[in-house]
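Chain residues, written in single-letter form:
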Amino acid sequence: MRFGRCGRTVFLSSGARVLGLDLGDSGEPFVYNCTTEEGEADAEGNDDVVAFVFSPSGTYLAVTADNKQLILFRTSPWECISVRHAVRRSTSLAITEAEDQILLADKSGDVYSFSIVDPQKPGQLQLGHLSMLLAVIVSLKDRFVITADRDEKIRVSSLEQPYIIEAFCLGHSEFVSELCIPSNHPQLLLSGSGDGTVRLWQYLCGTELDCFKMSDVQASGCQKARCTVTRIVHCKQGDYLAVLCDGFSSVFILQLDVVAQKLIHRQTIAVTQRAWDIAFDDSSGLWILDGGMVVIYQAQEGHWQNILQHPDKRKMEEAIHGQMEESQDSVIGNNYSSLYKVSLDNMAQYQWKKELRIHRTLNKRALEPGELSGHSKRTRV
């Protein structure tokens, strides 16, 4: 299940089912099914929602599914504007600040641009990587497009002229799974990776400012070998970061110290089941989707506390239980383990085969006809 919000507008998805909700409206929630018109999923995939993004003003919502559909919604009032198809399966979406383009990153390493002004226009190829893309975002004032791939690279390119590469941010030892630009610090970039780190960058020059290891704040009893950072959300007030990691039932609260250029751990919030997704609201409240239940935390004197009574909490939960499919299959199913590279020790296998050949050769020489008939032969060393 995926969750996001922009202002009073809330988005939820479970499998192929999409739910749009206006918390300030007493009407029924908007429900949409991303299943293909044929009623069957692609033979190699399914109809589940893969990624979504709100436009900066919250007017538009773009959703992409594993069946290569790109669906554009208007949020006030909720309606589906267009359904277009991508060339390859997508992994991440971004909308420009001008709200005129949707950038779609796919598994083949390409980024396509889809028009919002002309919602029926096919996508146009903008740039490409040599490996699978996992994240794409747009910088302030639409100057740069930042992409991250499976080969540990973060590339900063010009949005108007994507063939111009401004910088690379290199330092991760595994695939880069998440990107985030703090809205009040547009010169900084945060990245999460399969190497279990959150890194702070000055992306225009490709300089790494800090590296925070999530293993330093994980529970002492946890022996999970690999940790993938799956979500980073930023709160303006206090420069707090909420970080979600694959396979951990906790939300980690970090704080960005802009002066010292450091990431500081402040708190670990444990949830009862599993944190499916997280988001901040306009009043700096942290919303956690915990196994179909909504949990809200608020910072009070530097400590995040659970808010049991909230006017929007009941409406959210009623929409979830009334409209969304309550199934374990609706849990986010990203198989991050398949993104890790497998290292092969070819030299050990080569040495073993070489010794086997030598052993067979020596055994063959020991049974030569001359030796069996009693004739001696000069032994070659």
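Rules used throughout
- Residues numbered from 1 in each chain as written.
- Predicted model: local features only at pLDDT ≥ 70, side-chain atom pairs only at ≥ 80, totals over all residues.
- Heavy atoms only, no water.
- Helix = DSSP H or I, 4+ residues; strand = E, 2+ residues; numbered from the N terminus.
- Buried < 20%, exposed > 50% of the residue type's maximum accessible area, 1.4 Å probe, protein only.
- Contact = heavy atoms within 4.5 Å.
- Areas by Shrake-Rupley, 256 points an atom, 1.4 Å probe, with all protein chains shown as cover.
- Pairing = 2+ DSSP bridges.
- Axes fitted to C-alpha atoms, helices over the stretch in contact; angles between N-to-C directions.

So what about the overall build of the protein? Which residues, and what values?
Each helix and strand counted, the protein has three helices and 28 strands in total. For the protein, buried positions account for 51% of its 381 residues. Residue pairs at least 24 apart in sequence account for 43% of intrachain contacts in the protein once pairs closer than 6 positions are excluded. Accessible surface, the protein as shown: approximately 19200 Å² in total, 47% of it carbon and sulfur.

How would you explain the pairing of strand S3 (residues 17-22) if you had to name every residue and give the values?
Pairing of strand S2 (residues 9-14) with S3 involves six bridges; the strand directions are antiparallel. Bridge pairing in S3 links Val 10 to Leu 21. Where S2 folds back onto S3 in an antiparallel hairpin, the turn is made up of two residues, including Gly 15, whose phi is positive at roughly 65°. Here four bridges tie S3 to strand S4 (residues 30-33), and the two strands are oriented antiparallel to one another. Each bridged residue has a counterpart across the sheet, and for Leu 19 the counterpart in S4 is Val 31.

Tell me what's going on with the sheet that holds strand S11 (residues 110-115), and back it up with residues and numbers.
Sheet architecture is open: four strands sit in the order S9-S10-S11-S12, paired in antiparallel fashion. Two strands lie at the open edges of the sheet, namely strand S9 (90-95) and strand S12 (124-128), each paired on one side alone. Ignoring which end each strand starts from, the neighbouring axes of this sheet average 25° apart.

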